[in-house]
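Observations on chain architecture
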Amino acid sequence: MRWPPLIPAVFLRRLNRFAVEVRLGRRRTRAHLPNSGRLRELLIPGYPMWLAPREGPRRTRYDVQLVALPDGTLVSADARVPNALFREAWAEGRLAPFRGYIRLIPEPPLGEGRVDFRLEGPEGLAYVEVKSVTLVEGGDGLFPDAPTERGRRHLSALQAARAAGAQAFIVFIVQRPDARAFRPHDAADPAFGRMLRAVVAGGVQALAYRCTVSIEEIRLAEAIPVIL
C-alpha cells in the first residue's frame, strides 16, 4: 500500500480525540488523527510526523500518517490502514490461512453489529475482525492501549460465529516493523485479555502480523507469534 506524497511536520500537542496540533514549516496547524487510541508512545512533543494532504470539505487539510520514534522506527498511526493491508495481502495470496477463500465481503453483519470481513469459498465461511496495533514494548505488540468494550463485543460475535459452524479469526496488525510477537495488553484491559484467551480456547483463531514501513509505503510482512 503506497502513501500519497507525505509532508514532514513535528508533533506539538493533542487537541482532542481526533485532532492534533503540529508544526508545519514555520507555522502551526491542525491535523486529523485517524486513531482513537491513547497513543502515548507516539504523541510526544517534538516527535517527527508525516502528514497526508487531503482535499474536500474538511476541518483540516492533513491526516497524520506516520510518526518517527527516536531510534528511527516509523510507525503508521492511521487505524484505517490495517483493513486495507489485510485486503491487499489477501488479494495477492500472501495470507496462507486465507488462501482457500475466493470472495471477500467488507463489513458484513454479525450478531448485533458488524465485523470487518466475511470470506467465502469451498471451505465455507470465515469471519474476520482486524485490529490496529501501534504499541510495542520489549518486542511485543500490545492491544489494546485502553479499555475496549467494542473489542470485547467483536470477540463475542466471533465466538458465536464459530459456535454456529463458521471459521472465525481475529487478526492483529502491528503497524511497525519491530514487533517480534503479539500479546494481549492485560494492564490496559484485563477483561479483553481474558476474553481473547477464552474465545481462542473455543476455536476462534488469533493471528498477528508486523509491517514494513517507509515514507513511500507500508506492507504487511511476516506473521509473528501470538502469545496468550
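See above for the structure.
Only a predicted model underlies this, so the values are computations on that prediction, with no experimental measurement involved.

Scoring rules and cut-offs
- Residues numbered from 1 in each chain as written.
- Predicted model: local features only at pLDDT ≥ 70, side-chain atom pairs only at ≥ 80, totals over all residues.
- Heavy atoms only, no water.
- Core = buried A, V, L, I, M, F, W, Y, C linked by side-chain atoms within 4.5 Å.
- Buried < 20%, exposed > 50% of the residue type's maximum accessible area, 1.4 Å probe, protein only.
- Helix = DSSP H or I, 4+ residues; strand = E, 2+ residues; numbered from the N terminus.
- Contact = heavy atoms within 4.5 Å.
- Expected span 1.5 Å × (residues − 1).
- Arc of directions from axis to C-beta.
- Phe/Tyr/Trp six-rings, centres within 6.5 Å; stacked < 30°, edge-to-face > 60°.
- Pairing = 2+ DSSP bridges.
- Axes fitted to C-alpha atoms, helices over the stretch in contact; angles between N-to-C directions.
- Salt bridge = Lys/Arg side-chain N within 4 Å of Asp/Glu carboxyl O.

Considering the nonpolar core
The tendency in soluble globular proteins is for nonpolar side chains to be buried side by side. One finds Phe-86, Leu-95, Phe-98, Leu-119, Val-128, Val-171 and Ile-173 to be the most contacted residues of the largest nonpolar core, which totals 30 residues. Mapped by element, the contributors of at least two residues to this core are strand E4 (48–53), strand E5 (62–68), helix H1 (81–91), strand E10 (117–121), strand E11 (124–133), strand E14 (167–174), strand E16 (205–213) and strand E17 (218–223). The greatest single-element share of this core, amounting to five residues, is contributed by H1. The contact partners of Leu-119, leaving out residues within four places of it in the chain, are Phe-86, Trp-90, Phe-98, Tyr-101, Arg-103, Leu-104, Gly-124, Leu-125, Ala-126 and Val-128. Counting residues in each nonpolar core, the second largest holds 24 residues, with Val-133, Ala-157, Ala-168 and Ile-170 among its members.

Focus: helix H3 (residues 190–201)
Taking 1.5 Å per residue, 12 residues should reach 16 Å; H3 reaches 17 Å between its end C-alpha atoms and fits that length. All buried positions along H3 are accounted for by Phe-192, Gly-193, Leu-196 and Val-199. In a view along the axis of H3, the buried residues occupy a sector of 135°, so they form one face of it. Turned more than 90 degrees away from the buried face of H3 sit Arg-194 and Ala-201, all of them exposed. Check the buried side of H3 and you find it contacts strand E13 (140–143), helix H2 (149–163), E14, strand E15 (181–184) and E16. Gly-203, located one to two residues past H3, shows a positive phi value of around 115°.

Some words on the packing of aromatic side chains
This structure, assessed with the given rule, holds six aromatic pairs. When the centroid spacing of 5.3 Å and the interplanar angle of 20° are considered together, the rings of Phe-86 and Phe-117 count as stacked. In this pair, Phe-86 sits in helix H1 while Phe-117 sits in strand E10, placing the two residues 31 residues apart along the sequence. On the accessibility criterion, Phe-86 (0% relative accessible area) is buried. For Phe-117, a relative accessible area of 3% translates into the label buried. Taken together through their ring pairs, the aromatic side chains of Phe-86, Phe-98, Phe-117 and Phe-169 make up a single cluster.

Focus on the sheet that holds E13
One open sheet accounts for three strands, arranged E12-E13-E15; its pairing is mixed. At either margin of the open sheet sits one strand with a lone partner, and together these are strand E12 (135–137) and E15. Sheet twist, expressed as the average angle between the axes of neighbouring strands with direction ignored, equals 40°.

A word on the environment of Arg-58
Inspection of the secondary structure puts Arg-58 in the loop between E4 and E5. For Arg-58, a relative accessible area of 36% corresponds to the partly exposed category. In sequence terms Arg-58 and His-32 are 26 residues apart; their C-alpha atoms lie 9.4 Å from each other. Beyond its immediate sequence surroundings of up to four residues, Arg-58 is in contact with His-32 and Asp-63.

Focus: the pairing of E10
The element E10 is largely enclosed, with a buried count of four among its five residues. By the bridge criterion, four bridges tie strand E7 (residues 103–106) to E10 in an arrangement that is antiparallel. Of the residues in E10, the one forming a bridge with Ile-105 is Arg-118. Where E10 hands over to E11, the hairpin turn is made up of two residues, counted between the paired strands.

Remarks on the pattern of salt bridges
For the structure shown, the criterion picks out 18 salt bridges. In this structure, Arg-94 engages Glu-92 in a salt bridge whose closest nitrogen and oxygen atoms are separated by 2.7 Å. With relative accessibility at 29%, the residue Arg-94 sits in the partly exposed group. The residue Arg-118 makes a salt bridge to Glu-120 at a minimum N-O spacing of 3.0 Å. Glu-120 shares its class with Arg-118; the two are buried.

Comments concerning unusual backbone geometry
That bond from Phe-143 to Pro-144 is cis: its omega, -5°, falls within 30 degrees of zero. Phi is positive for Leu-39, which is not a glycine, with a value near 55°. With respect to the helices and strands, the residue Leu-39 is situated in the loop between strand E3 (27–32) and E4. Despite not being glycine, Glu-107 has its phi angle at roughly 50°, a positive value.

Bear in mind that shape data such as this cannot, by itself, settle questions of function.
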